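Structural features, examined
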Amino acid sequence: QMLEDPDELAVLEEIQQELILQEQLVIEEYERSLQFDEECLNAMLDGLDVSDKVICPVCRKNNLTVRNHLVFCQCGLYISTQGMTEGKLRSLLENTVTEHSHRCFHNPEFTVTSGMEEEAASLLMSCPVSLNVEFL
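Description of the structure in this document.

Here is what the cut-offs are and how they apply
- Residues numbered from 1 in each chain as written.
- Predicted model: local features only at pLDDT ≥ 70, side-chain atom pairs only at ≥ 80, totals over all residues.
- Heavy atoms only, no water.
- Helix = DSSP H or I, 4+ residues; strand = E, 2+ residues; numbered from the N terminus.
- Buried < 20%, exposed > 50% of the residue type's maximum accessible area, 1.4 Å probe, protein only.
- Contact = heavy atoms within 4.5 Å.
- Areas by Shrake-Rupley, 256 points an atom, 1.4 Å probe, with all protein chains shown as cover.
- Phe/Tyr/Trp six-rings, centres within 6.5 Å; stacked < 30°, edge-to-face > 60°.

**Remarks on the overall build of the chain**
The helix and strand inventory of the chain stands at two helices and six strands. Order of helices (α) and strands (β) in the chain, N terminus to C terminus: α-β-β-β-α-β-β-β. The proportion of buried residues among the 136 residues of the chain is 20%. The contacts in the chain between residues at least 6 apart in sequence include a share of 31% that link residues at least 24 apart. Carbon and sulfur atoms form 54% of the exposed surface of the chain, whose accessible area is close to 10700 Å².

See the structure below:
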């Protein structure tokens, strides 16, 4: 049976337009969702791509910055160094903590000693359990 009533045809045309519009809205929402997922994934990958970064051993939150004979952190850590790089610093910290872990199961604590007169400040690793103290 063919529809010849102009009112019925108009209603069907309107329904078809409504369905097309709804389909477009669903597609747009899906594309926004995909874009959001991609942005989240990229942000996570950017966070993983900090292979050269060293987390501050004092605050354990921020990344240390190594520049022009200085090591510093947003938390206030500020140490003068000679020829230090992020790679050397990471290696020094890892080796010191690993060496300590061979003798003691507790996590050492890191503090900054204030320099005496002309002496620069130093990073101090200590353990209240094993009484181990080491200047880095």
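**Section: the packing of aromatic side chains**
Taken as a whole and assessed by the stated rule, the structure comprises one aromatic pair. A centroid spacing of 6.4 Å and a plane angle of 35 degrees characterise the contact between Phe72 and Tyr78, whose relative ring orientation is tilted. Overall, Tyr78 belongs to the exposed group, its relative accessible area being 52%.

**A few points about unusual backbone geometry**
With a phi close to 60 degrees, Arg60 is a non-glycine residue in the positive phi region. Within the secondary structure, Arg60 sits in the loop between α1 (6-48) and β1 (65-67). Look at Arg60 and you get exposed, because its relative accessible area is 51%.

**What to know about the environment of Leu77**
In this structure, Leu77 sits in the loop between β2 (70-72) and β3 (78-80). Distance in space between the C-alpha atoms of Leu77 and Val58 is 7.6 Å, their sequence separation being 19 residues. Look past the residues within four positions of Leu77 in its chain and what remains in contact with it is Cys56, Val58, Leu64, Val71, Phe72, Val112 and Leu123.

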